Structure formats: C-alpha cells, structure tokens
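Per-entry structural report
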Amino acid sequence: MENDSQNTSDLPSRNTCAVLLIHGFTGSPTAMQPWAASLARSGFATAVPLLPGHGTHWQDMIPVAYSDWIQATEKAFDDLARTHEKVFVAGLSMGGALALHLATRRNVAGISLVNPGLVVDSKLAPLTPWLKHVLRSVAPISNDIAKRGMDEGAYPRTPVAAVAQLHALFAQTRSRLELVAAPVQLFRSTVDNVVSEASVRELVAGLAPGTLAEHHMLLHSKHVATLDYDAEQIFHESARFFSKLSGIAPGTAGRHL
C-alpha cells in the first residue's frame, strides 16, 4: 500500500474542485477508495492519504503522535489547494475528527462526515498514557460492516499507545469545534458498534448554530458505512452537497468555473 496521497483523478488546472478523503483509526484508504472513485466520476479531483503509522504493521502506530495525523492531513489539503480553487474534506470515524480539526486551520469549502468519532467511549481511555507501559495492544475495532465479504484493511490489533493519541486528538478537536465555519454534512448509521451517540452529541453541541447543514440516517449500515449497504447514498448525497456548495452542476466539478 502506498504511503502518500493517492489521487484518483488527474490534477486539473486551478479553477476546479477537489475532495480530500480521510480514513479511520487503524484503518486504511481501502474504506475510502470507493467513495473517492464515485466523486471522481462526478468530476471532483480526489486524494486519499495513508495516515502515519497505518497500512503496514500495528506496531508502527506505537511511536506516532496525533499531531503527525494532523500534519499529514494538512499537507494533503495544502497539496490540493495549490491546484484547486475549492477543496472539500470527507472523513470516516477518526477521519471525521481530523476533517473537523482541519477545518479550524484551513479554508475548507465543506465537510462530509460518516460516523465521526469525537469520544473514546471506554472509561479506561484517560488511563491509556499509563496503561500503554503494561499493555501493548488490545483486540481490534474493525470491520463493523453489515454487508458480508467486505474488509476495510484495518489492523488485527489496536495499540494502546495509539488509543492514548486518539483520546488526545478527540479532546483537542472537541475544544475547537466552534471554530468550524464550513458547512457540515453528517451521515449516521442506526447501528454502530464503534462510535456511540456520545460523539454525535458532542458534534451537535460543539458546532456553531447553522454549521450542521445536513443530517442523514443510514438505515442498513454499521460503522464502516462507506463499504456497506448505504454506500451509494453517501456517494450520491455528498456529491450533491459538494456541488451545491461549489455553485456548479453535479458532474462538472472538474471543469473550469
């Protein structure tokens, strides 16, 4: 798996739109590539970066700080912004938190979130900076997908040190939510065994009034909804949302404005 941003469409000239898609914790671009491919067919340039510590072995996450994930998404955004007039961001799970954090530091045109994480629900989460010294890893939180045969390409173990970084990332992102100015589109699965409603409550309470522009329920999917039964709903509605914010007709995002 490549360790850099993966563009699923050629980089066109400056007056075009692009979407940065961010995968989840211990996951991989596999969960985002069908979404990226669909957006590319709608005319958007896309990039799906592999986050630091991901896509190799779970032990590689142990030394990674959450600031490394933030910096990686900012670099990927900046790369797109150099060649595109408007850049949107889409995130799954932890990728949703990174998308929101990015929107507090960059001129993001719009955000689409699928089951975004903002709270680590385990009561042990605050203790992970100490627990990591006695417990290296725990069982994985992966492949929560209703559709049979799908695999998001996540790690077989979850490093406790990485959970400590996830907890810190979520806390920092929650503290910055009021700074998000870009319109937010939310997709939420009715059954999610990874991210609880606590994250949704934090999102709704933390955003400034009117920032949450759309809230869609996914009735047939679990956490990794981008690979699940409602994937086409996500793909269609996000393309419509981004096109609306671009002020152009769907399918023409990659053309000159």
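These numbers come from a predicted model, not from an experiment.

1. Digging into the nonpolar core
Counting residues in hydrophobic clusters, the biggest one holds 45 residues, and the most contacted among them are Trp 69, Met 94, Leu 100 and Ile 111. Per-element accounting of this core gives the leading share, seven residues, to helix H3 (residues 94–103). Residue contacts for Ile 111: discarding those within four places in its chain leaves Val 89, Ala 99, Leu 100, Ala 103, Val 180, Ala 182, Pro 183, Val 184, Gln 185, Phe 241 and Phe 242. Formed by 27 residues, the second largest nonpolar core is a distinct cluster that contains Cys 17, Val 19, Ile 234 and Phe 241.

2. A word on the pattern of salt bridges
In a structure, side chains of opposite charge can pair up when their charged atoms sit close to one another. With the rule as written, the count across this model stands at nine salt bridges. A salt bridge links Lys 75 to Asp 79; the shortest N-O distance between them is 3.1 Å. Highlighted residues: Lys 75 and Asp 79, both in helix H2 (residues 66–81), separated by four residues, approximately one helical turn. By relative accessible area, which is 54% here, Lys 75 ends up exposed.

3. Description of the packing of aromatic side chains
Counted according to the given criterion, the structure contains five aromatic pairs. Ring geometry for Phe 44 and Phe 242: centres 6.1 Å apart, planes at 75°, overall edge-to-face. Here Phe 44 is found in the loop between helix H1 (33–41) and strand S2 (45–47), whereas its partner Phe 242 is found in helix H7 (residues 231–246), with 198 residues between them in sequence. By the burial criterion, Phe 44 is buried, and Phe 242 matches it. Feature note: the residues Phe 44, Phe 88, Phe 241 and Phe 242 constitute an aromatic cluster, connected by ring pairs.

4. So, the confidence of the model for the chain
Close reading of the predicted structure is inappropriate where its pLDDT is low. For the chain, per-residue confidence averages 92 on the pLDDT scale, and residues scoring 70 or more make up 91% of the total. A low-confidence stretch, residues 1–5 (pLDDT under 50), is modelled with 15 contacts involving residues beyond four sequence positions or located in other chains. A low-confidence stretch, residues 8–15 (pLDDT under 50), is modelled with 26 contacts involving residues beyond four sequence positions or located in other chains.

5. Here's the deal with the side chain of Glu 214
Structurally, Glu 214 can be placed in strand S8 (residues 212–218). Within polar-contact distance, the side chain of Glu 214 engages the side chain of Gln 185 at 2.9 Å. Apart from residues no more than four positions distant in its own chain, Glu 214 is found in contact with Val 184, Gln 185, Leu 186, Arg 240 and Phe 241.

6. Here we look at the environment of Val 194
Inspection of the secondary structure assignment puts Val 194 in the loop between strand S7 (184–189) and helix H6 (197–206). For Val 194, a relative accessible area of 25% gives the class partly exposed. Here the alpha-carbon distance between Val 194 and Asp 144, two residues 50 residues apart in the chain, equals 7.4 Å. With near-sequence residues (within four places) excluded, Val 194 lies in contact with Asp 121, Ile 141, Asp 144 and His 223.

7. Details of H6
Within the span of H6, buried status applies to Ala 198, Ser 199, Val 200 and Leu 203. Among the structural elements, H3, strand S4 (111–114) and S7 are those in contact with the buried residues of H6.

Conventions we followed
- Residues numbered from 1 in each chain as written.
- Predicted model: local features only at pLDDT ≥ 70, side-chain atom pairs only at ≥ 80, totals over all residues.
- Heavy atoms only, no water.
- Core = buried A, V, L, I, M, F, W, Y, C linked by side-chain atoms within 4.5 Å.
- Buried < 20%, exposed > 50% of the residue type's maximum accessible area, 1.4 Å probe, protein only.
- Helix = DSSP H or I, 4+ residues; strand = E, 2+ residues; numbered from the N terminus.
- Contact = heavy atoms within 4.5 Å.
- Salt bridge = Lys/Arg side-chain N within 4 Å of Asp/Glu carboxyl O.
- Phe/Tyr/Trp six-rings, centres within 6.5 Å; stacked < 30°, edge-to-face > 60°.
- pLDDT = per-residue confidence, 0-100.
- Polar contact = N/O pair within 3.5 Å; in protein donor to acceptor, adjacent residues only side chain to side chain.

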